[in-house]
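Listed below, chain by chain, are the residues.
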Amino acid sequence: MMVERHRILVVDDERINRKLLSELLEEHHDVVIAKSGEQALERVQADSAVDLILLDVVMPGMSGHDVLRRLKASDATKDVPVIFITSLNSVDDEEIGLDLGAADYITKPFHPGIVRLRVENHLRFVRQRKILETLAGRDCLTEIDNRRRFEEVLEREWRRAGRGSGPMSVAIIDVDYFKQYNDHYGHARGDQALKAVAKALSGGPNRASDFVARYGGEEFVMLFPGTPADGARELAESVRHAVASLAIPHAHSAVAPHLTVSIGGATSDDYQSPGHALIEAADTMLYRAKAEGRNRVLWRD
Ligand SMILES: Nc1nc2c(ncn2[C@@H]2O[C@H](COP(=O)(O)OP(=O)(O)OP(=O)(O)O)[C@@H](O)[C@H]2O)c(=O)[nH]1
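Residues numbered from 1 in each chain as written. Predicted model: local features only at pLDDT ≥ 70, side-chain atom pairs only at ≥ 80, totals over all residues. Heavy atoms only, no water.

- An unreviewed UniProt entry annotates the chain as diguanylate cyclase originating from Azoarcus sp..

**Looking at unusual backbone geometry**
Moving on, step 1. At the junction of Lys-108 and Pro-109, the peptide bond is cis and its omega measures out at 0 degrees in the coordinates.
Moving on, step 2. Checked against the element boundaries, Pro-109 lands in the loop between strand 5 (104–107) and helix 5 (112–135).
Moving on, step 3. Non-glycine residue Arg-294 carries a positive phi angle of around 70 degrees.
Moving on, step 4. Along the chain, the position of Arg-294 falls in the loop between helix 10 (276–291) and strand 10 (297–300).
Moving on, step 5. Residue Arg-294 is classed as partly exposed on the basis of its relative accessible area of 23%. (Helix = DSSP H or I, 4+ residues; strand = E, 2+ residues; numbered from the N terminus. Buried < 20%, exposed > 50% of the residue type's maximum accessible area, 1.4 Å probe, protein only.)

**Some words on the site of the ligand**
Moving on, step 1. The ligand sits among 17 residues. The nearest are Phe-178, Lys-179, Asp-191, Arg-214 and Arg-294.
Moving on, step 2. At a separation of 2.8 Å, a nitrogen atom of the ligand approaches a polar side-chain atom of Asn-182.
Moving on, step 3. At a separation of 2.8 Å, an oxygen atom of the ligand approaches a polar side-chain atom of Arg-214.
Moving on, step 4. The fraction of the free accessible surface of the ligand (670 Å²) that becomes covered by protein chains is 68%.
Moving on, step 5. Classifying every residue of the shell around the ligand gives four nonpolar, five polar and eight charged. (Near = heavy atom within 4 Å. Polar contact = N/O pair within 3.5 Å; in protein donor to acceptor, adjacent residues only side chain to side chain. Areas by Shrake-Rupley, 256 points an atom, 1.4 Å probe, with all protein chains shown as cover. Nonpolar A, V, L, I, M, F, W, Y, C, P; charged D, E, K, R; others polar.)

**Comments concerning the pairing of strand 3 (residues 52–56)**
Moving on, step 1. Counting buried positions over the five residues of strand 3 gives five, a clear majority of the element.
Moving on, step 2. Of the two faces of strand 3, both are covered, the one formed by Leu-52, Leu-54 and Asp-56 as well as the one formed by Ile-53 and Leu-55.
Moving on, step 3. In this sheet, strand 3 lies alongside strand 1 (residues 7–11) in parallel orientation, the contact comprising four bridges. Across the sheet, residue Val-11 finds its bridge partner in strand 3, namely Leu-55.
Moving on, step 4. In this structure, strand 3 lies alongside strand 4 (residues 82–86), joined through four bridges in parallel fashion. Within the sheet, the bridge partner assigned to Leu-54 lies in strand 4 and is Ile-83.
Moving on, step 5. Remark: the strand 3/helix 3 (residues 64–72)/strand 4 crossover connection has right-handed handedness. (Pairing = 2+ DSSP bridges. Right-handed = clockwise from strand over helix to strand, strands pointing away.)

The structure is reproduced here in structure tokens:
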């Protein structure tokens, strides 16, 4: 059977339990380890790709219950399912755990086969949630709209636009040397950088009708209905500045010591041609912006 790999965080203060659980799961999944509640929170905050947490309840310092309360209090982590693995085996303890929002409760000593099956059950829910988010037009990582939603919006705006509505502009934004960023700082930091870029793009001085989405990977797209080339190019420049002023260090970029973006844009009022022709034109300009040195905006009027 082909099993999709997920990232599982195992939190236990006892070495033997961490070892047993990792050995049990690492054949099919990527296992990350934390030795304390404090370390668990650090790991999840640094690594937004954690899909599931196996959490010990009784630990010195921060207890599993405290960790779960903290996870539930943050928008970024409240949906990560948590399975308590504990030697507290009274019905009351189980009720407390589930009431705090745990997805499941397993008592020690645990049966390896049962742990594996319960983990797979919860990972199935994780996959279903991701599919639902995609269908709902959401990008799971950055929490902005996804490509699917962008294509719907482009088609709708393109159909709606016509004589008198003015030209429409589109910009494709691509992070420079992002492969090097990931290679140097790690995938988790890469994810954080993409989230920060998404926030900078969606927090700009946009009108309600302007639209931003994650186009895929390290590419984003913005749509400016009714906006001529000059205005849209200016907006794109302000987006480029907004990302640069995040001042995210990028020691392996050949263009700047911080994270930058290249932007290709295009403007058209030829609503007889298909909407995606505008995207293709913007993409060509992005390609040129990369070839001409990156960290710049190039536009086709
Ligand atoms: N961390 C992280 N990395 C991603 C994600 N999606 C795509 N990437 C990475 O983005 C990188 C894109 O690399 P390339 O297409 O070679 O482009 P680049 O290194 O940015 O180079 P230029 O665009 O030419 O400046 C790849 O290493 C992908 O693995 C993601 O969701 N998270």
